[in-house]
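# Results of the structural survey
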Amino acid sequence: MSDLNIAVLGAGVVGLTTALELQKQFRGARVTVLADKFNEDTTSFVAAGLFRPSTYFRGPTEAITREWIRDSYNYWDDIRVTAEASEAGVAQLSGYVFSNLSPHIVRNHLIENVVPIYRAATEEERMICPGNWKYGSFFTSLLIECGIFLPWATDKFLNAGGKVRRKTVDALSHLAGQYDVTVNCTGIGAKFLCNDYKLVPIRGQVLKVHAPWVKMFFYGDYDTYVIPGFDSITLGGSRHFDNFNLNVCKYDSLGIRERCDSLLPSLKTAKLIGQRVGLRPHRDPVRVEKEVTNVYESKMKIVHNYGHGGYGVTTAPGTAKYAVQLVKEILAGNSKL
Ligand SMILES: Cc1cc2nc3c(=O)[nH]c(=O)nc-3n(C[C@H](O)[C@H](O)[C@H](O)COP(=O)(O)OP(=O)(O)OC[C@H]3O[C@@H](n4cnc5c(N)ncnc54)[C@H](O)[C@@H]3O)c2cc1C
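About the cut-offs
Residues numbered from 1 in each chain as written. Predicted model: local features only at pLDDT ≥ 70, side-chain atom pairs only at ≥ 80, totals over all residues. Heavy atoms only, no water. UniProt positions renumbered as here; feature names shortened; annotations may be inferred. Helix = DSSP H or I, 4+ residues; strand = E, 2+ residues; numbered from the N terminus. Expected span 1.5 Å × (residues − 1). Bend = angle between axes of the 7 residues up to and from the residue. Buried < 20%, exposed > 50% of the residue type's maximum accessible area, 1.4 Å probe, protein only. Core = buried A, V, L, I, M, F, W, Y, C linked by side-chain atoms within 4.5 Å. Contact = heavy atoms within 4.5 Å. Phe/Tyr/Trp six-rings, centres within 6.5 Å; stacked < 30°, edge-to-face > 60°. Lys NZ or Arg CZ within 6 Å of the ring centre and 35° of its normal. Pairing = 2+ DSSP bridges.

Going by what an unreviewed UniProt entry lists, the protein chain is known as FAD dependent oxidoreductase domain-containing protein and is assigned to Ignelater luminosus. According to its UniProt record, the protein chain has this under Sequence similarities (unreviewed entry): "Belongs to the DAMOX/DASOX family." In the Cofactor (unreviewed entry) part of its UniProt record, the protein chain is described as follows: "FAD".

Here you go:
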């Protein structure tokens, strides 16, 4: 039994994938997840959950960014091929990205060589949806539905001996002396905990509709997307930079509905079953870093893992693996700080 005592602050997709990775790499360690919000109250719950990073998604270097994406894909795909896949909320999903603006919009250098299929859409395929689309791609990817994944991951963590505590932490220094290392996975909460002005909320709103006949995802211009999940279809979206408003905006709802109905006219009859708003924790680059701070007489060891923007479901497992490597370094005391 190890004496190691580790805290993970945050119970979104980043916190839980990090907590599971810590249990894997530090067998016998005491790992505690602390958070003030869980499951449906997190940003992770709002996400549609398609594995698709934007081409602007960035870690500290291009090589590390690609490593995070490759590791993440493998993590999710390993779950997909188990009997537990549907209990974990993971499934394979294919679909189209269309644009009339530029051929670059339908390409994605970060995943073209990661997902099993990524190719140009044929002329016939570009006619599937109204819009006279000039450019299109078809690809096969993964869906990770956090409404299912978060409770599944929490159970897995608890069954392996992990502890979960509801707690609001007003300052990281308040945890000093209680844990050997604290991993900070607080998403947009890190803005205030770390006084990090590089971290900006990008507000997003989605609608959930009942349309079980939709089996593929579709993206169009102006942030328009239709992504089927396990029990409902997500219609999006919106992106409001530096906006903290968590209320549903009726104008956003009307715009999203109209754009999605135009992209996929069969949705016009789909019943609205929910609306969600979340703040994407955007930071360029995503912060996965070590920090040792002096709190009174003692040193507090922290590993940060936040700022995944609109791509935290996609990339959480890869950054978790990287963060846990940093935990090993910081505990060994050989970190170049
Ligand atoms: C509309 C929308 C659609 C999206 N679609 C996708 C998608 O299709 N694919 C994709 O990859 N990503 C998508 N995202 C992005 C994704 O949701 C985020 O990147 C991801 O959820 C970030 O996860 P997180 O764990 O960092 O943050 P969160 O899920 O917000 O979790 C943060 C945790 O930290 C805790 N916390 C924060 N501060 C404190 C504190 N002071 N004390 C105690 N606890 C604290 C919170 O309680 C919470 O448990 C979407 C986001 C939105 C809004």
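Now that the structure is up, let's keep going.
## What about helix 8 (residues 312-332)?
With 21 residues, helix 8 ought to run about 30 Å at 1.5 Å a step, and its terminal C-alpha atoms sit 28 Å apart, in line with that. The axis of helix 8 is deflected most strongly, by about 30°, at Gly318. The element helix 8 is extensively covered by neighbouring structure, given that 15 of its 21 residues are classed as buried. In the stretch just after helix 8, Gly333 is the one whose phi turns positive, near 75°.

## Overview of the nonpolar core
Val13, Leu22, Trp76, Phe149 and Ile227 are the most contacted members of the largest nonpolar core, which has 67 residues in total. The leading source of residues in this core is helix 8, at eight residues. Setting aside anything within four residues of it in sequence, one finds Ile227 in contact with Ala48, Leu50, Leu93, Leu143, Phe217, Tyr219, Ser232, Ile233 and Thr234. Counting 20 residues, the second largest nonpolar core, distinct from the first, contains Cys129, Ala211, Val214 and Val226.

## What to know about the packing of aromatic side chains
Geometrically, a pair of aromatic rings is defined through the distance of the ring centres and the angle of the planes. According to the stated counting rule, one finds 17 aromatic pairs in the structure shown. Ring geometry for Phe51 versus Tyr73: centroids 5.2 Å apart, planes at 80°, classification edge-to-face. A residue pair is termed long-range when its members are at least 10 positions apart, and Phe51 in the loop between helix 2 (43-46) and helix 3 (62-80) and Tyr73 in helix 3 qualify at 22 residues. Here Phe51 matches Tyr73 in class, with each residue buried. Note that Arg52 overlies the ring of Tyr219, its terminal NZ or CZ placed 4.2 Å from the centroid.

## Things to note about the pairing of strand 13 (residues 271-295)
Inspection of the sheet shows strand 8 (residues 200-210) paired to strand 13 by 11 bridges, in the antiparallel sense. The residue bridging Val206 from the neighbouring strand is Arg276, located in strand 13. Judged from the 10 bridges that link them, strand 13 and strand 14 (residues 298-308) form a sheet pairing that is antiparallel. The residue of strand 14 that forms the bridge with Val295 is Ser298.

## Quick look at the UniProt feature "binding site: D-dopa" (unreviewed entry) in the protein chain
If you check UniProt for "binding site: D-dopa" (unreviewed entry), the listed places come out as Tyr225, Arg280 and Gly310 in our numbering. Following the sequence through the fold, Tyr225 ends up in strand 10 (residues 224-228). Judged by its relative accessible area of 8%, Tyr225 is buried. Those residues in contact with Tyr225 that sit more than four places away from it in its chain are Val206, Phe218, Tyr219, Thr234, Leu235, Gly236, Gly237, Cys260 and Arg280. As for its placement among the helices and strands, Arg280 is situated in strand 13. Given a relative accessible area of 12%, Arg280 falls into the buried group. If we ignore the near neighbours within four places in the chain, the residues touching Arg280 are Thr43, Ile188, Val200, Pro201, Ile202, Arg203, Gly204, Tyr225, Ser238, Arg239, Gly309 and Gly310.

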